[in-house]
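Spelled out from the first residue to the last, the chains are:
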Amino acid sequence: MTDNAWTRWPSREALGRAGTTVSRRLLAWAVRMLVLAMLLWGAFSQKHIGVWEALAAAGAIVLAALVSWAFFTTTYEHRLVRSLALMAVLLCIAVAAEATGFTGPALVIWCGCGVTALERLPLGAAVPVASVALASYSAFTNDVWLTTAATVAGMALAGYVLRLDAEARGGAQRLLAQERAARAAEAESAALAERARIAREIHDVLAHSLSAQLVHLEAARLLIENGADRERILERVVAARGMARDGLTETRQALSALRGELTPLEDFLSELVSAADGAEVTVTGERRPLPAEASQAVRRVAQEALTNVRKHAHGARVRVRLDYREHEVALHVRDSGGRPGELGAAGAGYGLLGMRERAELLGGSLDAGPDEEGFMVTLKVPV
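For the structure given in this document, a descriptive report is provided here.

Reading the values: rules and limits
- Residues numbered from 1 in each chain as written.
- Predicted model: local features only at pLDDT ≥ 70, side-chain atom pairs only at ≥ 80, totals over all residues.
- Heavy atoms only, no water.
- Helix = DSSP H or I, 4+ residues; strand = E, 2+ residues; numbered from the N terminus.
- Buried < 20%, exposed > 50% of the residue type's maximum accessible area, 1.4 Å probe, protein only.
- Contact = heavy atoms within 4.5 Å.
- Areas by Shrake-Rupley, 256 points an atom, 1.4 Å probe, with all protein chains shown as cover.
- Salt bridge = Lys/Arg side-chain N within 4 Å of Asp/Glu carboxyl O.
- Pairing = 2+ DSSP bridges.
- Axes fitted to C-alpha atoms, helices over the stretch in contact; angles between N-to-C directions.

**Quick look at the overall build of the protein**
Each helix and strand in the protein was counted, giving twelve helices and five strands. Looking at the 383 residues of the protein, the share that counts as buried comes to 37%. Long-range contacts, defined here as pairs at least 24 residues apart, represent 70% of the contacts in the protein between residues at least 6 apart. Accessible surface computed for the protein: about 21900 Å², of which carbon and sulfur atoms make up 62%.

Laid out in structure tokens, this is it:
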């Protein structure tokens, strides 16, 4: 853990400007301009400076600015060797400035190197570089030793505080990026779930409607093959047409449900059993609105169960009971048994299987099997 702390670079989020406020950026630029002004003032405040010396000093200042910009870029890219080489160039410029009598600019460069190294380099490299820079400052400053010690300690502390502040800002940027990614993933997951829900609704509507139409059309085909009279054939065709019309109605209801415009469940069941001979519906418990998916599951199971009664127990009496309980709603569809319809073996038998899968997705259950008299389907969905 300690080795990692000494060799680890500050994160790119910490070394970059992302997440910094406008006031912080303005302050950073103000500090840079102040340092540049101090360098210029220290270079041109000499009493006996000539033209060539002034030009050389200006060139050295421009070179130091360019090297500093390159150092910021290479540290952002985490290039240690190049960063150390650029820092060495800055220290050499400071040494040259001191040797030619420009002590003020040299001291400013040494302090800047010490602070910046602690802020932007791995600690294993920052500590030696900062030690060299601040030691050079201590050796050539004219302040008393106590002032020099306080200045050196303050510079070292300032560099480390800036490092910690940048790391905190970088950590906040990473957390923000992770939160945005999590929100995007959550939105994508919600969109996929909604698409699956829409596909399930359309599948159930089409499967119910088309299977019911198939029953009557196949019956009409058998009647034609057996030479039945025109009225019986027409009856089947009209029934198939009615099923197609009902399928369109159910599709509209499904779309309304997807928009949250569900009709009351009790009214839906009453309309459903009114189209079936010998069917009745009862409702027990305290009536209350149900979640959209739970309500849709009850509707689809009721439709599938009544379709199966028409196919497999033609003429049977059907009792539908909707039971509101404390934490769930239960639907019971029981028939009294009857003779198989003309197409009792038609269909692939996947209707109730699909309903069972829908119930399990909602945390509920669906049981279907023979009863004392006929067949019973029981759906339980938590609400």
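Continuing now.
**Some points on the pattern of salt bridges**
This structure, assessed with the given rule, holds seven salt bridges. In this structure, the salt-bridge partner of Arg183 is Glu179, at a minimum N-O distance of 2.6 Å. Of this pair, Arg183 and Glu179 both sit in helix α8 (residues 145-225), four residues apart, which is roughly one turn of that helix. Among the residues examined, Glu179 registers a relative accessible area of 36% and is labelled partly exposed. Residue Glu328 pairs with Arg325 through a salt bridge whose shortest N-O separation is 2.8 Å. Glu328 sits in the partly exposed class, given a relative accessible area of 22%. Connected via shared salt-bridge partners are Glu218, Arg221 and Glu225.

**Quick notes on the sheet that holds strand β3 (residues 328-335)**
If you walk across this open sheet you meet the five strands as β1-β2-β3-β5-β4, and the pairing is mixed. Edge positions in the sheet fall to β1 (279-284) and β4 (365-370), since each of these pairs with one other strand and no more. Ignoring strand direction, the axes of neighbouring strands in this sheet form an average angle of 10°. Bridge count between β4 and strand β5 (residues 375-382): six bridges; the pairing is antiparallel. From the neighbouring strand, Gly369 faces β5, where its bridge partner is Met376. The strands that helix α10 (residues 265-274) touches are β1, β2 (318-324) and β3; relative to β2, the one it contacts most, it runs at about 175°. Strands in contact with helix α11 (residues 292-312) are β2, β3, β4 and β5; relative to β5, the strand with the most contacts, it is inclined by about 175°.

Structural measurements only, silent on function.
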